[in-house]
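Summary of the model geometry
Listed here are the chains, written in short residue letters.
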Amino acid sequence: MLIVGNWKAYVETLEKAKRLYAVAKRLAAAGHHEIVIAPSAPHLGFLAGGNRSSVEFAAQDISSSLGGAATGEVTAGAVAGVGATYVIVGHSERRAAGETDALVLQKVQHALAHGLVPILCIGERERDAEARYLAHLRTQISLILTALSPQERKKIVVAYEPIWAIGKSATEAITPTDLNEMVLYIRKILTEFLPGKGASKINILYGGSVESGNIRALAAASSIDGFLVGHASTDAASFGALVKAVT
Ligand code: 13P
């Protein structure tokens, strides 16, 4: 499984970042899945720069600009340069801050151009009785994949993060049965863009209140390839317990 810890802005001290990195290193060394951590940009630079372990690094976001006169922007080139291999793109917390699908596409393209694997976040705000949320997800995926070449499409990871499930507790997360349906649905959309066995090779992650108490059931009931974990990845004991729960 691919388990990505999105530290968001929960981790502000370097001491805490180092402690969490040490936990991630132990989990990765024990062969507990592919462990990726996504610290804040300063901590990413500090930790990834000296990384000699099998932990991999993701940026939480990149700029839609390619550099130059763009004060405050963190570019794909800059995060790739310090050793990140993934980047989270289109997270709902970025979209809520005004990020459009057009900007998400630019970021995906910049990531790919710099050899980074984009983790494309999609997800509905709420579920409606008419199931319009399914069309919303299809649009979010299609707008990006249509613009990519067949080779580029193979390089992305899709993270399904329903907004209604983010930042709550395991009891309010998606049910294993619903997750199974959503993974099948997303995989079906991907087959329209990746013929043959292409779509089956794309990693689909789930994010939204994944904790040690629900990760095993979510993994067991669906063909999910991994998880994008928020708050539970920012506590050393919780993250360790969560990863071990699916080992
Ligand atoms: P939580 O695990 O805190 O719900 O966050 C999920 C998420 O947004 C990960 O990117």
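Treat the numbers as computed from the prediction; the structure is a model and nothing was measured. (Residues numbered from 1 in each chain as written. Predicted model: local features only at pLDDT ≥ 70, side-chain atom pairs only at ≥ 80, totals over all residues. Heavy atoms only, no water.)

**Re the site of the ligand**
Stated precisely, the cut-off is as follows: Any residue with at least one heavy atom within 4 Å of a molecule or strand is counted as near it. What qualifies as a polar contact is a pair of N or O atoms within 3.5 Å, subject to a donor-acceptor requirement within protein and to the restriction that residues adjacent in sequence count only when both atoms come from side chains. To measure how exposed things are, a 1.4 Å probe is used in the Shrake-Rupley method; for residues, cover is taken only from the protein chains shown. Each residue receives one of three labels: charged for Asp, Glu, Lys and Arg, nonpolar for Ala, Val, Leu, Ile, Met, Phe, Trp, Tyr, Cys and Pro, and polar for the others, Gly being one of them.
Taken together, N6, K8, H91, E161, I166, G167, G208, S209, L228, G230 and H231 make up all the residues around the ligand. The backbone of S209 places a nitrogen or oxygen atom 2.8 Å from an oxygen atom of the ligand. Between the ligand and the protein, one listed contact pairs an oxygen atom with a side-chain N or O atom of H231 at 2.5 Å. Considering the ligand on its own, with 300 Å² of exposed area, one finds that the protein chains cover 100% of that surface. Of the residues assigned to the shell around the ligand, the class counts are two nonpolar, seven polar and two charged.

**Remarks on the pairing of strand 3 (residues 56-59)**
Put simply, the rule is: Two strands are said to pair when DSSP picks up at least two bridges between them. Numbering goes from the N terminus for both helices and strands, where a helix is a DSSP run of H or I of at least four residues and a strand is a run of E of at least two. Classification remark: right-handed applies to a crossover when, strands pointing away from the viewer, the course from the first strand over the helix to the second runs clockwise.
With two bridges connecting them, strand 2 (residues 34-38) and strand 3 associate as parallel partners. In the strand pairing of strand 3, V36 is matched with E56. Where strand 3 and strand 4 (residues 86-89) come together, two bridges link them in parallel fashion. Bridging across to strand 4, A58 finds its partner in Y86. Read from strand 3 through helix 3 (residues 76-81) to strand 4, the crossover connection turns out right-handed.

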